[in-house]
Each structure stands twice: as structure tokens, then as C-alpha cells.
Amino acid sequence: MSDGGMLCCQGPSDADRHGFFSYRALHDVGVRSEASISQSYCTPLTVNAGELIIVDLKRPCNLAGNGPYLRLEGNAGWVFQTKACEACFEEVVVEEGAWVYQVTNSGGLALRRRPDLSYGWCFVPEKLHPDRSLVKADLKVECGGITYVRVMGTNGWLFTSRQGLRTLREVVLEDGAWTYQVTNPAGLALRRHPTDFAECCLLPEELYPDGSLVMADQKVECGDVTFVHVKDTIGWLFVSRDGEQTLRRVVIDEGLWSYQVVCKTGLAPSCYPDPSILHRNVSENMYLPWTLVWADRKLECEGLTFVRVRNTTDWLFISLGGQHGLRRVVVEYGLWTYKVTNSLGLALRRNPTHDSDHCVLPEWLYPNGVSVKIDQRVVCGMDTFVAVKDTPGWLFVSRDGQQTLLLEGPSDPEEHVESPAAKLLSQLNLRGS
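Position labels on residues start from 1 in each chain and follow its written sequence. Reporting of local features is limited, given that this is a predicted model, to residues whose pLDDT is at least 70; pairs of side-chain atoms are given and counted only at 80 or more, and all residues count toward the totals for whole chains, interfaces and linings. Excluded from the side-chain calculation are hydrogens and water; included are all heavy atoms of the structure.

Asks: Where do I start with the overall build of the chain in this structure?
Replies: The numbering of helices and of strands both runs from the N terminus, where a helix is a DSSP run of H or I of at least 4 residues and a strand a run of E of at least 2. Scanning the chain from terminus to terminus reveals one helix and 41 strands. Counting only C-alpha atoms and orienting by the principal axes, one finds that the chain spans roughly 125 × 50 × 40 Å. A 1.4 Å probe rolled over the protein chains alone gives each residue an accessible area, and that area as a share of the maximum for its type sets the label: buried under 20%, exposed over 50%, partly exposed in between. Burial statistics for the chain: of 433 residues in total, 48% are counted as buried. By definition, residues are in contact when any of their heavy atoms lie within 4.5 Å. Residue pairs in contact within the chain that sit at least 24 positions apart in sequence constitute 61% of those at least 6 positions apart. As displayed, the chain offers around 22400 Å² of accessible surface, 51% of which is attributable to carbon and sulfur atoms. Computed by Shrake-Rupley with a 1.4 Å probe, the accessible areas treat only the displayed protein chains as cover when residues are assessed.

Asks: Is there a simple way to explain unusual backbone geometry in this structure?
Replies: Generally, phi is negative for residues other than glycine and the peptide bonds are trans, each holding for most cases. Along the chain, Leu203 connects to Pro204 via a cis peptide bond; the corresponding omega equals 0 degrees. Cis peptide bonds are those with omega within 30 degrees of zero, and the linkage from Leu361 to Pro362 qualifies with -5 degrees. Within the secondary structure, Pro362 is located in the loop between strand S34 (346-347) and strand S35 (365-366). Positive phi is not limited to glycine here, since Cys85 has a value of about 65 degrees. Following the sequence through the fold, Cys85 ends up in the loop between strand S7 (82-83) and strand S8 (86-87).

Asks: Explain the pairing of strand S28 (residues 304-309) here, please?
Replies: Here is the key point about a regular strand: its side chains alternate between the two faces of the sheet. By the criterion of burial, S28 is predominantly enclosed, with five of the six residues buried. In sequence, strand S27 (residues 292-301) turns back onto S28 through a hairpin of two residues, with Glu302 there showing a positive phi of about 50 degrees. With three bridges connecting them, S28 and strand S29 (residues 315-317) associate as antiparallel partners. Residue pairing across strands places Arg308 opposite Trp315, the latter belonging to S29. Only strands that DSSP links by at least two bridges are regarded as paired with each other. The turn linking S28 back onto S29 is made up of five residues, and Asn311 within it adopts a positive phi angle of 65 degrees.

Asks: Teacher, can you tell me more about the environment of Asn66 here?
Replies: With respect to the secondary-structure elements, Asn66 resides in the loop between strand S4 (52-59) and strand S5 (69-72). For the pair Asn66 and Thr305, spaced 239 residues apart in sequence, the C-alpha separation works out to 77 Å. When sequence neighbours within four positions are dropped, the list of residues in contact with Asn66 reads Ile37, Cys61, Phe80, Thr82, Lys83 and Ala84. Polar contacts, as used here, are pairs of N or O atoms within 3.5 Å; protein pairs need one atom able to donate a hydrogen and one able to accept it. Residues neighboring in sequence count only if both atoms are side-chain atoms. At 2.9 Å, the side chain of Asn66 and the backbone nitrogen of Ala84 are in polar contact.

Asks: Help me out: how do you make sense of the packing of aromatic side chains in this one?
Replies: Any aromatic ring pair is given by two values, namely how distant the centres are and how the planes are angled relative to each other. Here is the rule: rings of Phe, Tyr and Trp (six-membered ring for Trp) pair when centre to centre is within 6.5 Å. Planes less than 30 degrees apart are stacked, more than 60 are edge-to-face, and the remainder are tilted. All chains considered together, the criterion is met by three aromatic pairs. Pairing Tyr69 with Phe80 gives two aromatic rings, centres 4.9 Å apart and planes at 40 degrees, and the pair type is tilted. Taken together, the positions of Tyr69 in strand S5 and Phe80 in strand S6 (residues 78-80) put the pair 11 residues apart, joining distant regions of the chain. An aromatic cluster of at least three residues, connected via ring pairs, comprises Tyr69, Trp78 and Phe80.

Asks: Would you take a moment to explain the pattern of salt bridges for this structure?
Replies: Pairs may arise between side chains of opposite charge once their charged atoms sit close together. Salt bridges are counted wherever a side-chain nitrogen of Lys or Arg sits within 4 Å of a carboxyl oxygen of Asp or Glu. Scanning the model with the defined rule gives 13 salt bridges in all. Put simply, Glu91 and Lys58 hold a salt bridge, and the shortest N to O gap is 3.5 Å. With a gap of 33 residues between them, Glu91 in strand S9 (residues 89-92) and Lys58 in strand S4 connect regions that are remote in the sequence. Note on Glu91: relative accessible area 46%, which makes it partly exposed. Note that Arg150 and Asp138 form a salt bridge whose closest N and O atoms lie 3.1 Å from each other. Linking Arg150 in strand S14 (residues 146-151) with Asp138 in strand S13 (residues 134-143), this pair joins segments that are 12 residues apart in sequence. Asp138 matches Arg150 in its accessibility class, with the two residues each being buried. Beyond isolated ion pairs, a larger network of salt bridges with shared partners links Glu51, Arg114 and Asp116.

Below you can see the structure in the form of C-alpha cells.
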């Protein structure tokens, strides 16, 4: 019989069905290069009995008792679902969705071109998913007691078990934004995959020291252990190991707060929000008593509150072991005029405090009755302190219940009267020159 007429290739038609379908071979079936019954289109390829195929197009056959034609995914050839009234394939239900799996095969898993255990269907060159790596899948099909999943964004397949051994386990991957603090004395090394296996550590080693903060953007539960993906990296850390916590969840507030150092010995900053001396900055840059501090982050952890000094990496504690380090203050900016009402006058302080040890030297004294220009006010507890304009110093509004400065009113920005301190400063500058 010649190849012509009804035996020619059957082209596209309105009856074509595009989509995603799966079939299992009922016996060995040869693959054709075109949608045709002609023997001239046969290829050496064969789908063996019991194997699964993925089909992306169904095309009706014009010959009774034959068809439909099934096009293998990726335009890899054609087969008949039924030929000469004999069924060649049975359709298998394909489930669409979104799943996340972790590879649990020590040698990893090689991607297959179709849902099949055979190495013959591996991609060349091999596309290997390493042990403990995460895999996202969008299709799932079951056949012969084995579940196959298609890796999202590819046309490749993996299997969840082989010879009774699990090769993939389903996990729950959560996207979000969390902050953790390392609680492992030796620190934590970043892993390529969510595992505590040391051989999965990134090289060169990326170590997060004890007490350091970690920003995470993904979280996954693998068995009884939670792993977090460190933001802006390719690595993972574990929350616990052998029942011991290695990361603890903390909450960081962002904003702008003003504080005053109230620790009489000053405060040495830490690299991390942790009271341990091991985390002190090498510079030991002390924040002296009564100085003002502006913070842009606040963290509460195990009953302690730490704040980060704005535009630095310095962390300070508000209170620790009954010792107060900082207190909240209210800062106000503007222009005001005050009149000195203290009979002995007022000496300028380096910081907002009554403490005479903080007087500016040589002494800058504002006599009783003089008017002072102010550009900043700070409420510290029950006391109000004011910053004298064009100077580095502070005065107090009252002491021991006695008023020492009287508010005369807002300043006229056009009016400028040189303060005694500014005058003295200019004299000192002249002397220095």
C-alpha cells in the first residue's frame, strides 16, 4: 500500500487540543516523527509497556479505529492512543499545583526528560539536584506506586521514591521577613542548602558570630528542624541542633528615638545587641554620661531592650541587671529667648545635666538678668535643659525646685545678639590664632 491520501501527515485542525496530559503505555509502542499512520514516519524510539509519557497536544485521526495522535512534550514525536481499535495508552491524571520538596538522596537526583526511573532518560549533560537542596514543582503524577514531579520552570522530572527509599520529601517553604540573633557560642556557618551537614558549608566559610543579627527572607521546616534563608545571600542557617537553640527570633522596630546616657561611668557600645563583653567594639568608643543619643533601631530580647545609634553599628542597652544605661528624652528644636533668673548666674555645661563636673572650661558664665538665645530644648525626666545658640553648651531651666531661666518668648530670627559664650569663644579663637 502506497503512502498517500489518508496516510499522509495529518496537519493542524480546529479540533486540536493543547494542554498537558499524561499517559501510561499498555504495551510497547513505537514513536513516529509525524502525526501519520504511514510506516515511513516510524523512528527507532519506543515507549515500553508501563512507561509514562507527557503529551502537550491531542490531534484526532481521520482513520476510524485509530487515534487520537498524541504529541510527546517538547515536540519529541507522535504516538497513537488507539491503533486499529487496540488501546495503546491509558490516560493518567496529572495534578497541577505548587509544591516544595527537599532532596533526600545522598547522591542527589538527576533530572529526567519524562517521568521515569531509568537513567536513560536523564538529561545530557546531567542536570543534578544535590542532596538537601530544595526543589519547586508545578505538576505531579502517580504511576505504579511512584510519584513523579515536574521541576518548576523546566521540562524535567524527579521521583519521590525508588526501591522503597524516599528520594524527595515535601516541605513547607514560607516567604517573609524575620530577624534572628545567633545564640551559638561558636557562631553559625552558612550552608548551601537547608541542612546542618558540615560538608554543605559555603567555602570560603561565611561565619555569623554569636550575638550577631541575621535578616531572613525564607523559612522552611525540614523534619523537626527549622532552617532560614539569609537575605541577600545564597545560604541557610538552622534554628536549632541536637535540641539546642542556635538562633532566636527577635523583633526590631525602626524609627527615630532620643535618649540620654544616665550610666555614671558612661556606656561602651557593642557590635551586636548583647550584654557580653565579647561583643564590644574594638575602638571602645565610650558614650559619656549625660550625652544625648539618637537611635534608629530598637530591639527587645529576653526582657532586655537595646537601641542602635543612628548612622553607626553601635548598640547600647537601656537597662541591664538593674543598671540603667539610657533614658528616653524629648527633644525640641526652635528659637526662643530665656532670661537668667539665678542670682549667681549660670555656668554653661557640656551636656544637659546639673552636674558641675560637666561645666565648660574655662568657665562660661551667664550673669543674672542676661537674655540668652536658645535653639534646642530637652526634657529629661522632670527637668528641662536648653542648648545655647552658637555654643556647644547647655543650661538648666530649674534646679531643686528653683527657677533659673525664665522664658521671654520666641526669638526674632532677624535679631542676632552675640551671647557671652559666643563672645568668649571668638576671643579664644583669636588667641589661638
